[in-house]
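Read off the chains here:
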Amino acid sequence: VNYYTRQRVLHDPAGHPLPVRWAEPAGETTGGGWEVYPEGLARVLRELARQCGSLPLLVTENGAAYPDEPDPQGEVQDPLRVEFLRRHLACLREAVGEGIPVRGYFVWSLLDGFEWELGYTRRFGLIYVDFPTQRRLLKQSARWYRQVIESNDVPA
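Residues numbered from 1 in each chain as written. Predicted model: local features only at pLDDT ≥ 70, side-chain atom pairs only at ≥ 80, totals over all residues. Heavy atoms only, no water.

**What to know about the overall build of the protein**
Part 1 of the argument: If you tally the helices and strands in the protein, you get three helices and six strands.
Part 2 of the argument: Going from N to C terminus, the protein has its helices and strands arranged as β-β-α-β-α-β-β-β-α.
Part 3 of the argument: Once the C-alpha set of the protein is aligned to its principal axes, its extents read approximately 50 × 40 × 25 Å.
Part 4 of the argument: Of all intrachain contacts in the protein linking residues separated by at least 6 positions in sequence, the fraction that spans at least 24 positions is 57%.
Part 5 of the argument: If you average the places of the 18 positive and of the 21 negative side-chain charges in the protein, the two averages end up 3 Å apart. (Helix = DSSP H or I, 4+ residues; strand = E, 2+ residues; numbered from the N terminus. Contact = heavy atoms within 4.5 Å. Lys, Arg positive; Asp, Glu negative; His and termini not counted. Charge placed at Lys NZ, Arg CZ, Asp CG, Glu CD.)

Encoded structure:
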């Protein structure tokens, strides 16, 4: 399962070729303009479990792009990504607690990198990459996620 956001559509009689159009995000968005909707991850997992029974599930991509840059001390503070991940992992934990057979979870992405449509303009990584020098810096989210892995829990 790859999950980043939900997409809502509205009826639009003038729509071509279908009579629908994308709805604007409702509420908070990522740096890339995607709606932050962690409840959608749990909904997708529940629906897959309903349709597929005990088939083991793996969340292979979940993350958010934000305009991360090092501060004057050389640290990359990304509290919005931390909160995005915390909320999604809390929903994932809830689904697992209901018996949904999730066997693993991967954050997208380890490193800032090239995105198919947008090149180097969106930073998804837990590790900041200075593209001209290739220098790497652990972001606040990388340190936070290390705590998640070490404790097998979602810290507040």
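Let's pick the thread back up.
**Concerning the pattern of salt bridges**
Part 1 of the argument: This model, assessed by the stated rule, comprises 14 salt bridges.
Part 2 of the argument: Its salt-bridge partner being aspartate 112, residue arginine 123 comes within 2.7 Å of it at the nearest N-O pair. With arginine 123 in the loop between strand 4 (102–105) and strand 5 (127–130) and aspartate 112 in the loop between strand 4 and strand 5, this pair connects stretches of sequence that are eleven residues apart. The residues arginine 123 and aspartate 112 share a single accessibility class, namely buried.
Part 3 of the argument: Salt bridges linked by common partners bring Asp68, Glu69, Asp78, Arg81, Asp112, Arg123 and Lys139 together as one network. (Salt bridge = Lys/Arg side-chain N within 4 Å of Asp/Glu carboxyl O. Buried < 20%, exposed > 50% of the residue type's maximum accessible area, 1.4 Å probe, protein only.)

**Notes on the packing of aromatic side chains**
The relative placement of two aromatic rings is captured by the distance of their centres and the angle of their planes.
Part 1 of the argument: Evaluated as defined, the whole model comprises six aromatic pairs.
Part 2 of the argument: Seen in terms of ring centroids, tryptophan 34 and phenylalanine 124 are 5.9 Å apart; in terms of plane orientation they differ by 50 degrees. Their pairing is tilted. In this pair, tryptophan 34 sits in the loop between strand 2 (20–22) and helix 1 (39–52) while phenylalanine 124 sits in the loop between strand 4 and strand 5, placing the two residues 90 residues apart along the sequence.
Part 3 of the argument: Take tryptophan 34: its relative accessible area is 34%, and that puts it in the partly exposed class.
Part 4 of the argument: With centroids separated by 5.3 Å and ring planes inclined at 70 degrees, the aromatic side chains of phenylalanine 114 and tyrosine 120 adopt a geometry described as edge-to-face.
Part 5 of the argument: Counting every residue linked through ring pairs, the aromatic cluster contains Tyr4, Trp34 and Phe124.
Part 6 of the argument: For the cation-ring pair, arginine 6 lies above tyrosine 37, with the distance from its terminal atom to the ring centre recorded as 3.8 Å. (Phe/Tyr/Trp six-rings, centres within 6.5 Å; stacked < 30°, edge-to-face > 60°. Lys NZ or Arg CZ within 6 Å of the ring centre and 35° of its normal.)

**Topic: the environment of proline 19**
Part 1 of the argument: Relative to the elements of secondary structure, proline 19 occurs in the loop between strand 1 (9–11) and strand 2.
Part 2 of the argument: For proline 19 and leucine 48, which are 29 residues apart along the polypeptide, the C-alpha to C-alpha distance reads 28 Å.
Part 3 of the argument: Apart from residues no more than four positions distant in its own chain, proline 19 is found in contact with Leu10, His11, Asp12 and Pro13.

**Focus on the nonpolar core**
Generally speaking, soluble globular proteins have nonpolar side chains that are buried together.
Part 1 of the argument: Ranked by internal contacts, the top residues of the largest apolar core, which has 28 residues, are Leu45, Leu89, Leu92, Tyr105, Trp144 and Tyr145.
Part 2 of the argument: Listed by contribution, the elements that provide at least two residues to this core are helix 1, strand 3 (57–59), helix 2 (79–97), strand 4 and helix 3 (140–151).
Part 3 of the argument: It is helix 2 that provides the largest number of residues to this core, a total of seven residues. (Core = buried A, V, L, I, M, F, W, Y, C linked by side-chain atoms within 4.5 Å.)

**Quick notes on the pairing of strand 6 (residues 135–138)**
Part 1 of the argument: Of the strand pairs in this sheet, strand 5 and strand 6 are connected by four bridges, and their pairing is antiparallel. When the bridges of strand 6 are listed, valine 129 appears paired with arginine 136.
Part 2 of the argument: With antiparallel pairing between neighbouring strands as the criterion, strand 5 and strand 6 make up a hairpin whose turn holds four residues, including glutamine 134 at a positive phi of roughly 65 degrees. (Pairing = 2+ DSSP bridges.)

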